[in-house]
Every structure is written in structure tokens, then in C-alpha cells.
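Tertiary structure, described
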Amino acid sequence: MKDSRIAQGGLVLLGCGKMGSAMLAGWLDSGLPATSVYVLDPNPSDWLRATGVHINVDVPSAPAVVLIAVKPQMMGEALPRLQAMGGGDTLFVSVAAGTTIAHFEAVLGAGTPIVRAMPNTPAAIGKGITAIVANPHVPAGGLDEADALLQAVGQVVRLDTEAQIDAVTGVSGSGPAYVFHMIECLAAAGEAQGLPADMAMQLAKATVAGAGVLAEQSGDAPSQLRVNVTSPNGTTQAGLKVLMDTAKGLPPLMQKTVAAAADRSRELANG
Ligand SMILES: NC(=O)c1ccc[n+]([C@@H]2O[C@H](COP(=O)([O-])OP(=O)(O)OC[C@H]3O[C@@H](n4cnc5c(N)ncnc54)[C@H](OP(=O)(O)O)[C@@H]3O)[C@@H](O)[C@H]2O)c1
């Protein structure tokens, strides 16, 4: 990133909380000069002050990129100050849940290049996954730029339509919370089978984390990995018979869970 268009033209980061800080840390690590970054945030953290980026000063009139990382409810207050940068070559990238491309176009001008992104919380440790979608005004290289910026906090996938953002929200956006709850349930079930609480929690956390890494690193599909550890008439098969029940097990429950989150995402986007 050292000699990129972003390093030269500047990057404005609007909102530097959890997600903004995680991204900024990744950009600086990958060589973006601190002097190319302009952060706007009412309460800069000590960490942010120590990075050497510009904080709450005048920003370039036409930066290469503006990255929006404020909470959706702060958008109405925060966005108008960026209005003058709309409609030109400045690429806007937003990670705010629920704020649509149409909303940004309405505030910033219809011809503004905008990329909407949906990250998730493991971004805080560089293990996130972010889905991105652009409006037609984003030039060919613009999506690559957004992709590179978001890779600072994990993997990136590209969507065909903005409508898919709701499904992404239901799967990977809200997904970490489902997995945390699975850890809670697995630990509670271990306790019910006679294990001390802290040991049951340690077993549950390590099992989910280890299985997750194995699923990512293995060349085998998760379904094959499952088959590999399921001996006929063994313990895993007995457990999976309950979990995989097509009427009362995880398949219908996960369908309903993701559908509820995606429906809520659609509702929020519609105001
Ligand atoms: N965290 C995630 O994993 C995650 C996942 C998906 C999407 N997102 C999206 O990412 C965005 C940021 O989330 P977050 O978790 O990083 O929230 P956060 O920690 O609350 O960060 C938001 C930051 O913006 C600042 N801010 C508030 N009003 C502002 C204004 N008018 N101008 C400039 N900065 C302002 C806040 O300052 P104060 O704290 O002083 O108000 C805070 O530092 C949200 O839109 C969220 O939907 C986050």
C-alpha cells in the first residue's frame, strides 16, 4: 500500500471505534503511511493518537477513499460533512450495517462511487470475512481497492447484488453470535454430563475453534470431515442422529435462525 493511489491521495476514516481501529491497524501494518490517513472521530483513543495519523483536522478535498465506520444511527449526523466529496473520483466504502447504497447516493449524489461492505466481529483479530458490493459508478480498479482495504481484517467475498447483503448478514454478520451460543450450549451439556463448568467451557471453546480451523485448512468439505469422524454405531453417530434430525434438529433450526436475521436486516434497511 506504500505507493498506492490511496497513499498518494489520502484516506479519510469516518469513525474509528472497534471496526475502524481494526482496519486501520491492518493498513498501517501493510505499509500505508500514517500521514496518508485522516481520521474523524469525536473521542480518539490513546492507541489512535499514538499511530501518527491526522486526527480531526481539515481533510483533503478529494481523497482517494473515504471509509465510513460509524454506527448506522450516527450516519445522519456524520455523513453531511462528507457531502462535498461526493460525485467525483473519491471512492466511498461503508461497513455500516443497514445503510443502503441508495441512502448514500441520496446524501452524497447519485454519481458517487460507493462500495457497501458487511464485515463481522472476528475482524478484530484479523479473522473476519467481509462481503462487498458496488454501485455502477465504481471504476474497475475501485472494487479491487476496497477489497484490498478490507483484506486488512480477513477474507473478502464479492456479491452480485446488494440484496444478497441481507443473506450475508444472516450468515456471517450475525454468525459469530450463533457460534458463541453453540459454545455455551456445548459447555452446558458437558456440565449436565458431570464435568466441572470451567473444564466443560474449555473443552467446548477448543472444540469449536479447532474444528473451525480444521474445516478451513482441510481440502475436504465439512460434510466429509464429519463422515471421517463418524464410525458406524459409534458415539458421534449417536449424537449426530439427534443434531441432524431433519424435523427437530439443527437443519430446520439453522434455516429459521438465518431467515430471521436476514428478514430483520431487510426491515432495518427499509427504515
Ligand atoms: N464491530 C463489528 O464487527 C461490525 C460488524 C459489521 C458491521 N459493523 C459496522 O461497523 C460500524 C462501526 O461499528 P463499530 O463496532 O466499530 O462501532 P463503534 O466501536 O461504536 O465505532 C464507531 C465510532 O464512530 C465514532 N463516531 C460517532 N459519531 C461520529 C461522527 N459524527 N463522526 C465521526 N465519528 C463518529 C464513535 O465515537 P463515540 O464512541 O465517541 O460515539 C466510535 O468511535 C457500524 O456501522 C457497524 O454496523 C461492525
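Above this text sits the structure in question.
Since the model is a prediction, treat every value here as computed from it, not as a measurement. (Residues numbered from 1 in each chain as written. Predicted model: local features only at pLDDT ≥ 70, side-chain atom pairs only at ≥ 80, totals over all residues. Heavy atoms only, no water.)

Side note on the site of the ligand
Near the ligand there are 24 residues, and of these Lys18, Met19, Asp41, Asn43 and Val70 occur at the shortest range. With respect to the ligand, the backbone of Met19 contributes an N or O atom lying 2.7 Å from an oxygen atom. Considering the ligand on its own, with 880 Å² of exposed area, one finds that the protein chains cover 81% of that surface. Where the shell around the ligand is concerned, the elements lending two or more residues are helix H2 (18-29) and helix H4 (75-78). Within the shell around the ligand, the residues separate by chemical class into 15 nonpolar, 5 polar and 4 charged. (Near = heavy atom within 4 Å. Polar contact = N/O pair within 3.5 Å; in protein donor to acceptor, adjacent residues only side chain to side chain. Areas by Shrake-Rupley, 256 points an atom, 1.4 Å probe, with all protein chains shown as cover. Helix = DSSP H or I, 4+ residues; strand = E, 2+ residues; numbered from the N terminus. Nonpolar A, V, L, I, M, F, W, Y, C, P; charged D, E, K, R; others polar.)

Some points on the nonpolar core
As a rule of thumb, nonpolar side chains are buried together in soluble globular proteins. Counting residues in each nonpolar core, the largest one holds 34 residues, and the members touching the most others are Leu13, Leu24, Trp27 and Leu67. Put simply, the parts of the chain that give this core at least two residues each are helix H1 (5-9), strand S1 (11-14), H2, strand S2 (37-40), strand S4 (65-68), strand S5 (91-94), strand S6 (114-118) and helix H6 (140-150). If we skip the residues at most four places from it in the chain, Trp27 touches Met1, Leu11, Leu13, Leu32, Leu67, Leu149 and Ala152. With 24 residues, the next largest nonpolar core counts Leu14, Phe92, Phe104 and Leu159 among its residues. (Core = buried A, V, L, I, M, F, W, Y, C linked by side-chain atoms within 4.5 Å. Buried < 20%, exposed > 50% of the residue type's maximum accessible area, 1.4 Å probe, protein only. Contact = heavy atoms within 4.5 Å.)

Considerations on a nonpolar patch on the surface
Side chains of Leu243, Met244, Leu250, Leu253 and Met254 sit close together on the surface and give an oily, nonpolar patch of about 400 Å² of accessible area. Take Met254: it is sitting in helix H12 (residues 250-269). Overall, Met254 belongs to the partly exposed group, its relative accessible area being 34%. (Patch = residues over 30% accessible without salt bridge, like charges linked within 9 Å, V, L, I, M, F, W, Y side chains within 5 Å. Salt bridge = Lys/Arg side-chain N within 4 Å of Asp/Glu carboxyl O.)

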